[in-house]
Amino acid sequence: ALQQPYPLFRSRGEVAAVDWLRANTARSDIVLGAYETGNYIAAHAGNRVVIGHWAETVNWQTKFDEVRHFYGAAADDAWRRDLLARYRVGFVWFGQHERELGSFEPTRAAYLKPAFSNAEVTIYRVH
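Residues numbered from 1 in each chain as written. Predicted model: local features only at pLDDT ≥ 70, side-chain atom pairs only at ≥ 80, totals over all residues. Heavy atoms only, no water.

## Some points on the overall build of the chain
Moving on, step 1. The helix and strand tally for the chain stands at 5 helices and 5 strands.
Moving on, step 2. Its helices and strands in sequence order give the chain the pattern α-β-α-β-α-α-β-α-β-β, from N to C terminus.
Moving on, step 3. For 127 residues, the compact-globule formula gives about 14 Å, and the C-alpha radius of gyration of the chain, at 14 Å, lands near that figure.
Moving on, step 4. Across its three principal directions, the C-alpha atoms of the chain cover 45 × 30 × 30 Å.
Moving on, step 5. Taken over 127 residues, the chain has a buried fraction of 43%.
Moving on, step 6. Considering only contacts in the chain between residues 6 or more positions apart, those separated by 24 or more positions represent 55%.
Moving on, step 7. In the form shown here, the chain has an accessible surface area of approximately 7,200 Å², with 50% of it arising from carbon and sulfur atoms. (Helix = DSSP H or I, 4+ residues; strand = E, 2+ residues; numbered from the N terminus. Rg over C-alpha atoms; globule rule 2.2 N^0.38 Å. Buried < 20%, exposed > 50% of the residue type's maximum accessible area, 1.4 Å probe, protein only. Contact = heavy atoms within 4.5 Å. Areas by Shrake-Rupley, 256 points an atom, 1.4 Å probe, with all protein chains shown as cover.)

So this is what it looks like as C-alpha cells:
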C-alpha cells in the first residue's frame, strides 16, 4: 500500500486527463489509446474506446495490433487517418503507454488538435 503499485494507482496526470474526458466529452465519444489506457478510460471516464478489456473488445487482437501500428514509426498519416475514420475516433490519448509503442509525434499531425494537456498526457481532438 505504501508503494502505490500500477495499475491499482494512477498518476495525477492520468487522473486529471480522465477527469477532463468525463467532464468535457460525451460517453459516446470514442477515444484511441494503448490497451492499458483504454481499460482505464472506459472504466473511469465512461467513454467508448477502440481497445479496452480483451473480453469486451470485438476483434481484440486485430485492434491491439492496429493501435500498436498507429503509434509506431511505420504507419503513415493516410493509414492513421483511415483508422481514425474507420473506428469513428473523436479523441487520441497520448501518454506514457502510447509513447512506449513507438515514435509517433502527434504534434506533427495536422488532423489532431490539442484539447487537453498536462505534464503527462495530451488528449487530441480529431479533425
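Next comes the rest of the account.
## Some points on the packing of helix α1 (residues 12-24) against helix α2 (residues 35-44)
Moving on, step 1. Two elements in contact, α1 and α2, have axes whose closest approach is 10 Å; the angle formed by their N-to-C orientations is 50 degrees. Taken together, the axes of α1 and α2 are oblique relative to one another. For the pair α1 and α2, the sense of crossing is right-handed. Each of Glu14, Val15, Val18, Leu21 and Arg22 in α1 lies in contact with α2, whose residues at this interface are Tyr40, Ile41 and His44.
Moving on, step 2. Within the contact of α1 with α2, the residues separate by chemical class into 5 nonpolar, 1 polar and 2 charged. (Axes fitted to C-alpha atoms, helices over the stretch in contact; angles between N-to-C directions. Parallel < 35°, antiparallel > 145°, perpendicular 65-115°, else oblique. Left-handed = near helix turned anticlockwise from the far one by under 90°. Nonpolar A, V, L, I, M, F, W, Y, C, P; charged D, E, K, R; others polar.)

## Brief notes about the layout of surface pockets
Moving on, step 1. Roughly 310 Å³ of internal volume is contained in the largest pocket.
Moving on, step 2. Lining of the largest pocket is provided by 16 residues; of these, Arg48, Val49, Val50, Glu56 and Lys63 occupy positions nearest its centre.
Moving on, step 3. Counting residues per element, the ones that place at least two in the lining of the largest pocket are α2 and β2 (48-49).
Moving on, step 4. Ranked by the residues each element gives to the lining of the largest pocket, the list is headed by α2, at 3 residues.
Moving on, step 5. Of the residues in the lining of the largest pocket, the class split is 6 nonpolar, 5 polar and 5 charged. (1 Å grid on protein atoms, 1.4 Å probe; cavity = no way out; pocket = protein on both sides within 12 Å on 5 of 7 lines; lining within 4 Å. Points joined across faces, edges and corners; volume = space filled by probe spheres on them.)

## Details of the pattern of salt bridges
Opposite charge on two side chains permits pairing when their charged atoms draw close.
Moving on, step 1. All chains considered together, the criterion is met by 4 salt bridges.
Moving on, step 2. With its nearest N and O atoms 2.5 Å apart, the salt bridge here joins Arg22 to Asp19. Of this pair, Arg22 and Asp19 both sit in helix α1, 3 residues apart, which is roughly one turn of that helix.
Moving on, step 3. Residue class for Asp19 comes out partly exposed when judged on its relative accessible area of 33%.
Moving on, step 4. Across the pair Arg80 and Asp77 runs a salt bridge whose closest N-O atoms are separated by 3.6 Å. Here Arg80 pairs with Asp77, and both are found in helix α4 (residues 77-86), just 3 residues apart, close to one helical turn.
Moving on, step 5. On the basis of relative accessibility, which here comes to 30%, the residue Asp77 falls in the partly exposed class. (Salt bridge = Lys/Arg side-chain N within 4 Å of Asp/Glu carboxyl O.)

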